[in-house]
2 protein chains.
Amino acid sequence: MTVTLPGPTVGVVGGGQLGRMLGEAAAPLGVELIVLDPTPDPPAAATTAEQIVGDFDDRKAIMELASRVDVLTYEIELADPDVLADAAEEFGIPVHPDPSTLRTIQDKLVQTEAVADAGIPVPEFVGVETKRLLSEVVEELGSVMLKARTGGYDGRGNVPVRSPDESADALQTVGGDAIAEQFVPYERELSVIGVKGADEIRTYPVTETIHREQILRESVTPARASQEVRDRAESVARDVLTMVDGRGVYGIELFETEAGQILVNEIAPRPHNSGHWSIEGAATSQFENHLRAILGWPIAPTDLLSPTVTANLLGDTPSRQSLVRTGDVSPVLADADTDAHWYGKREVYPLRKMGHITVTDRTRANGESEVAAEPLARARELRDGLGFAAEWDRQTRTRTGLLMF
Amino acid sequence: MTVTLPGPTVGVVGGGQLGRMLGEAAAPLGVELIVLDPTPDPPAAATTAEQIVGDFDDRKAIMELASRVDVLTYEIELADPDVLADAAEEFGIPVHPDPSTLRTIQDKLVQTEAVADAGIPVPEFVGVETKRLLSEVVEELGSVMLKARTGGYDGRGNVPVRSPDESADALQTVGGDAIAEQFVPYERELSVIGVKGADEIRTYPVTETIHREQILRESVTPARASQEVRDRAESVARDVLTMVDGRGVYGIELFETEAGQILVNEIAPRPHNSGHWSIEGAATSQFENHLRAILGWPIAPTDLLSPTVTANLLGDTPSRQSLVRTGDVSPVLADADTDAHWYGKREVYPLRKMGHITVTDRTRANGESEVAAEPLARARELRDGLGFAAEWDRQTRTRTGLLMF
C-alpha cells in the first residue's frame, strides 16, 4: 500500500484515558483524531484535535463523526455496533475492529460461546436467567463467577457465588441475564495484547495481571510464569486473534490454572489497561499499533525492550468528588526508572482509574527477561504514596483504612 | 518540593513543532499547555489544550496567556523578552529560561560576547556595521561567516564572506548590523542538549550534527568523535549552562576544530532540533526534561538507551504551497527500527522543517555506544524517499535536481 502525509483522520468513540493515549501516539504519525464522548473536556481532549459531544450510542453524533473521518474505531465497549455499522456504510468508511466482533464481545455469554466454538479453552460456563437454574449450576460446578451478560466493566456486574443459596441475591446484583463460569483455581491471571493487522498477527510478551476486588492493580511483563506457560498463552491469544473479525489491538485476559492450562477469561476489542507497559517497555506501544492496524499500515515490532511493571492509580475517595488533588508525586518524578501517566480526569470516585505509573527495569541486561522483585515493590510503594483520600478529607480522617489500591 | 496532580498549566510562546512535541511529553505528566501562535491551528494544536492566536510580541495576547498559566516558556527565539518579563511580573509567575537570557541570545553579537566573557572558547569575532570594517576584518581573519545580529534562523541571515570585495553584498544580504566570525576549519559540528534544573545541571550525550546549506539534515548520537573530544564538548556545554540564567533545556551548538578544540557556535534557549533523537534514544526526551526544568521538578535521566540517527524531512517544493502531500511513507512505517515524526504543518516551502525520522540502532549491545554506518545510510535513504516535490508537480518535472535534503 501507499501511505502519504498529512495522514488520515480517525474517529474514536470514547474519549477516556485510552483515547488520550491513542492521541499521544497519533501526533508523531501525522494521524489526527476526533473523539466522541458525552463528557465535555474528557481525558482525550488534551491530545486530540477535536471532540464531538455525544453519547456512545447517539446516532446523530456518530453519523457526524463518520462524515469527518477516514476510519472509525472505539476505545470503549459501550460503543453501539449497529450505529457504527450504519455510519460506516453511509459514508463508505471502515470500522475496526468489526462491529460484529464488538457485538459478540458485548454479550459475555455470546463471547464465551464464540471462543468455545472456535475450540479455544474457556472455563465451564452456562447461561443463566433464573435462580433455579443458577442453583443447579452451582450444585454441579461448585463455586462460579456470575457475570452480567452485558454492561459489566472493571468487575462491576461480576459476583462470586459459592453456594446455591446465594443464587437469588447474586442474580439480583448482576441484574438478571447472566453467565455463570466455573471458578477456576488459578495460579495467576495473564494477559496478552495482540495486534491484528491487514495481513499479519503479532502478540506482545505475556503480561501477568494482579487484581484486587476484580480491578487490575499491577501488571508485570514478562509474566512470572514458565516459558512453556507463556508460549501456551501466546498460542491461545493467536487463536483468539484469528477468530475475531476486524483489525486492531485486542486485550486477551487469561487464566493460568494450577495445572498449567491456559483458559480465556475475556476479550477486549481495544487497547487494554494491561498493555500500558508497552509505552515504555516495548519497541512500539499498543496505542501506536492499534492506529497502524486500523489504518492498514504495517504493524511495528512488539518486542520487549525492558522488563516493566505498571501500577494503577485508583480513586480512593469515599465518594464522587470533583478536582481532588493527589498526594505528593515528587517521589515518582524523582525516581529514575519510573514514568508517570496522568489521565486528566476532572472527577475522582472510588476505584476510578486516574492514572498509572510504570517502572522500567533497566538493570536487566538484554535477553534477561525476568522482572526482579524490586520493581514491583517499588511501583506499589510509589503508587501507594499517591492517593487522593488524604487531600480529600485531611481534617476528618486518617488515610489508613481508606486506601483501596 | 511537593508536587500534586492535576498538574500545572504552562504557557508556551510559539506553537510550532517544538510546541507539538512539548505537548506530546506534557500529557502523560498531567501538565496542560496553552500555546500562543499567530497561525490558527499550528502544529502544536493537535497536542495541546488550547491556543491563543497572537504574534510572538503581541503584548495583549501574552498578558492573556500569562493570566491563565502557572509558568511561561517559549519555543521560539522570536518571543519578546520585555513583554514576557512584564507579563511575569504582572501575574507573579516565573518565565523560564529567564527573559534576560533570551535577550542576550537574540543578539548574536551580545550572545557571543557573553560566552567569550565567561571564558568559554568561541571563534574569533567582531561586530561589523560597515563595508569598510568588514573588509578590514576579512583582510585580517581570512574567510568569515557574517551573521545578522538579530532575526536569523536556520541559516537565514548567515553569509560566508571569503574576500574583502564580497563585503558590500554580504552586508546588504544580512541587512546591516552583523557579527563576523572567523571561519574555523572544523572536523565536525557537534551539539549538546543541556538541562538546567532548579539545583542541578545535566547534559545529554554529544550529538554530531550534519548540515547542508546551513540547515540541519541529520543528527548522529553519540557523535562519531573521540571520547576525549566528547568529554570536552560536554564540559564546555556545562560551562554554558552555568553561565545562562533560568531553567530549561538549551541546545548548545559547537564546532570541533581540526585540532580537536571545542568552540561554541550558538546557543538556543529551548529544546533543539539536534535533540529530537532523545525521544527514542534517551531515557527521557528533551521535551519532558524541559517541562520538568521549568516547573522546578526533578530532572529525569538523560542517559543514552540506543545509538540513534535522525534525519530531517525538509520542504522540497520550489515555492510555498498549501497541503502538499509527501511521497510514500510506507517504507518508513515498515522499517522496524524507524519512527516517524510528522509536524502537521499546513503549508510547505523550500527547506521548511516538515518532520523527521529516527532510526534507533538496537543492534548495538548495552555500553557499545558507537553508531554503525548503516543506520545513517538508512535514515537518509528512507528520508530521501519522502519528498513533496514529486507530488507537488509530478506532471511537469522529474524529482531529480529538486531534492534539497
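If you're wondering where the values come from, they're calculated on a predicted model, not measured in any experiment.

**Structural notes on the overall build of chain A**
Piece 1. Along chain A, the regular secondary structure elements total 13 helices and 19 strands.
Piece 2. Expressed as lengths along the three principal axes of its C-alpha atoms, the size of chain A is roughly 60 × 50 × 45 Å.
Piece 3. The burial tally for chain A puts 55% of its 405 residues in the buried class.

**Focus on the packing of helix H1 (residues 17-29) of chain A against helix H1 (residues 17-29) of chain B**
Piece 1. Orientation of H1(A) relative to H1(B), taken along the N-to-C sense of each, is 160 degrees, at an axis distance of 10 Å. As the angle between them shows, H1(A) and H1(B) are arranged roughly antiparallel. As H1(A) packs across H1(B), the resulting crossing turns out to be left-handed. Across the interface between the two elements, Arg20(A), Glu24(A), Ala27(A) and Pro28(A) of H1(A) pack against Arg20(B), Glu24(B), Ala27(B) and Pro28(B) of H1(B).

**What about the sheet that holds strand E2 (residues 32-37) of chain A?**
Residue and element names in this part refer to chain A.
Piece 1. In spatial order, the strands read E3-E2-E1-E4; together these four strands make up an open sheet with parallel pairing. This sheet does not close on itself; its edge strands, each paired only once, are strand E3 (50-53) and strand E4 (71-74). When strand polarity is set aside, the average angle formed by the axes of neighbouring strands in this sheet is 25 degrees.
Piece 2. Summarising the sheet, E2 and E3 pair through four bridges and their orientation is parallel. Within the sheet, the bridge partner assigned to Val-35 lies in E3 and is Gln-51.
Piece 3. On the sheet, H1 packs against strand E1 (9-13) and E2 and is oriented at approximately 170 degrees with respect to E2.

**What about the relation of the copies chain A and chain B?**
Piece 1. Structural alignment of chain A on chain B gives an RMSD of 0.0 Å, achieved by rotating through 180 degrees and translating 0.0 Å along the axis. Taken together, the rotation and translation relating the two chain copies correspond to the operation of a two-fold axis. Measuring from the rotation axis to each C-alpha of chain A, the shortest distance belongs to Thr47(A), at 2.2 Å.
Piece 2. When the interface residues of chain A are mapped onto chain B, 100% of them are again interface residues, pointing to one common binding face.

**Focus: the environment of Leu72(A)**
All names here are of chain A.
Piece 1. With respect to the secondary-structure elements, Leu-72 resides in strand E4.
Piece 2. The class of Leu-72 is buried, set by 25 C-beta atoms lying within 10 Å.
Piece 3. Along the chain, Leu-72 and Val-115 lie 43 residues apart, while their C-alpha atoms are 25 Å from each other.
Piece 4. Beyond its immediate stretch of four places on either side in the chain, Leu-72 contacts Gly-11, Ala-66, Leu-84, Ala-87, Ala-88, Ile-93 and Val-95.

**Quick look at the nonpolar core**
Piece 1. Counting residues in hydrophobic clusters, the biggest one holds 228 residues, and the most contacted among them are Leu254(A), Leu291(A), Leu146(B), Val240(B), Leu254(B) and Leu291(B).
Piece 2. With near-sequence residues (within four places) excluded, Leu291(B) lies in contact with Val10(B), Leu22(B), Ala25(B), Ala26(B), Leu29(B) and Val31(B).

**Section: the sheet that holds strand E5 (residues 125-128) of chain A**
All names here are of chain A.
Piece 1. With respect to topology, four strands assemble into an open sheet ordered E5-E8-E6-E7, the strand pairing being antiparallel. Only two strands of the sheet have a single neighbouring strand rather than two, namely E5 and strand E7 (158-161). In this sheet, neighbouring strand axes are inclined to one another by 25 degrees on average, regardless of whether the strands run parallel or antiparallel.
Piece 2. As defined by bridge partners, strand E6 (residues 144-148) adjoins E7 across four bridges and the pair is classed as antiparallel. Of the residues in E7, the one forming a bridge with Leu-146 is Val-159.

**Focus: the pairing of strand E12 (residues 215-221) of chain A**
Residue and element names in this part refer to chain A.
Piece 1. In terms of residue burial, E12 counts as a mostly covered element, since five of its seven residues are buried.
Piece 2. Relative to E12, strand E11 (residues 207-212) runs antiparallel, the two being bridged by five bridges. In the strand pairing of E12, His-211 is matched with Leu-216.
Piece 3. The loop that links E11 with its antiparallel partner E12 comprises two residues; one of these, Glu-213, has a positive phi angle of about 50 degrees.
Piece 4. Two strands pair when backbone bridges link them, and E12 and strand E15 (residues 308-314) are joined in this way by four bridges, in the antiparallel orientation. Bridge pairing in E15 links Glu-218 to Ala-311.

**Considerations on the interface of chain A and chain B**
Piece 1. On the side of chain B, 38 residues touch chain A, which itself brings 38 residues to the contact.
Piece 2. Among the secondary structure elements, those contributing two or more residues to the side of chain A that touches chain B are H1, helix H11 (330-334) and strand E17 (338-342) of chain A.
Piece 3. For the side of chain A that touches chain B, the leading source of residues is H1(A), giving five residues.
Piece 4. Of the residues that constitute the side of chain A that touches chain B, the class distribution is 21 nonpolar, eleven polar and six charged.

**Quick notes on the packing of helix H6 (residues 131-141) of chain B against helix H7 (residues 167-174) of chain B**
Working note: a packed helix pair is described by the angle between its axes plus the distance between those axes.
All names here are of chain B.
Piece 1. Contact pair H6 / H7: the axes reach a minimum separation of 9 Å and the direction vectors enclose 120 degrees. As for how H6 packs across H7, the hand of that crossing is right-handed. For the pair H6 and H7, contact is made by Lys-131, Leu-134, Ser-135 and Val-138 and by Ser-167, Ala-168, Ala-170 and Leu-171, respectively.
Piece 2. Taken together, the residues that form the contact of H6 with H7 break down as five nonpolar, two polar and one charged.

**Topic: the domain arrangement of chain A**
It is common to give the size of an interface as the accessible area lost on bringing the parts into contact.
Piece 1. For chain A, the domain assignment lists domain 1 (9-95), domain 2 (124-182) and domain 3 (186-392).
Piece 2. When each unit is reduced to the centre of its C-alpha atoms, the spacing between domain 1 of chain A and domain 2 of chain A is 34 Å.

**Describing unusual backbone geometry**
Excluding glycine, a negative phi dihedral is what most residues carry, and trans is how most peptide bonds are arranged.
Piece 1. Of note, the bond from His96(A) into Pro97(A) is cis; its omega dihedral lies within 30 degrees of zero at -15 degrees.
Piece 2. Each neighbour pair has its own omega, and for Thr221(B) with Pro222(B) the value is 0 degrees, a cis peptide bond.
Piece 3. By the secondary structure assignment, Pro222(B) is in the loop between strand E12 (215-221) and helix H8 (227-243).
Piece 4. We note that Asp41(A) has phi near 55 degrees; this positive angle belongs to a residue other than glycine.
Piece 5. Its place among the elements puts Asp41(A) in the loop between E2 and E3.
Piece 6. On the neighbour-count criterion, Asp41(A) (14 C-beta atoms within 10 Å) is partly exposed.
Piece 7. Even without a glycine there, the phi angle at Leu351(B) is positive, about 70 degrees.
Piece 8. Its 19 C-beta neighbours within 10 Å are what place Leu351(B) among the partly exposed residues.

**So, the environment of Gly30(B)**
Piece 1. Examined against the element boundaries, Gly30(B) turns out to sit in the loop between H1 and strand E2 (32-37).
Piece 2. Taking C-alpha positions, Gly30(B) is 7.7 Å from Pro8(B), a pair spaced 22 residues apart along the chain.
Piece 3. Apart from the residues within four sequence positions on either side, Gly30(B) is in contact with Trp342(A), Gly344(A), Leu5(B), Pro6(B) and Gly7(B).

**Comments concerning the confidence of the model for chain A**
Residues and elements named next belong to chain A.
Piece 1. Averaged over every residue, the pLDDT of chain A is 91; the share at 70 or more is 94%.
Piece 2. Below pLDDT 50 for its whole length, residues 395-405 participates in 19 contacts with residues either more than four positions away or in separate chains.
Piece 3. This complex was scored by the predictor with a pTM of 0.93 and an ipTM of 0.92.

**Some thoughts on H6(B)**
Residues and elements named next belong to chain B.
Piece 1. Within H6, burial applies to Leu-134, Val-137 and Val-138. Seen along its axis, H6 keeps its buried residues to an arc of 100 degrees; they face one direction. Across H6 from its buried face, at more than 90 degrees, point the exposed residues Arg-132, Glu-139 and Glu-140.
Piece 2. Taken together, the buried residues of H6 touch strand E5 (125-128), strand E6 (144-148), strand E7 (158-161), H7 and strand E8 (178-182).
Piece 3. Immediately downstream of H6, the backbone of Gly-142 shows phi near 80 degrees, a positive value.

The rules we used
- Residues numbered from 1 in each chain as written.
- Chains lettered and ligands numbered in written order.
- Predicted model: local features only at pLDDT ≥ 70, side-chain atom pairs only at ≥ 80, totals over all residues.
- Helix = DSSP H or I, 4+ residues; strand = E, 2+ residues; numbered from the N terminus.
- Buried ≥ 20, exposed ≤ 12 C-beta atoms within 10 Å, placed from the backbone.
- Axes fitted to C-alpha atoms, helices over the stretch in contact; angles between N-to-C directions.
- Parallel < 35°, antiparallel > 145°, perpendicular 65-115°, else oblique.
- Left-handed = near helix turned anticlockwise from the far one by under 90°.
- Contact = placed C-beta atoms within 7 Å.
- Pairing = 2+ DSSP bridges.
- Least-squares fit on C-alpha atoms with pLDDT ≥ 70 in both.
- Core = buried A, V, L, I, M, F, W, Y, C linked by C-beta atoms within 7 Å.
- Nonpolar A, V, L, I, M, F, W, Y, C, P; charged D, E, K, R; others polar.
- Domains from an automatic or database assignment.
- pLDDT = per-residue confidence, 0-100.
- Arc of directions from axis to C-beta.

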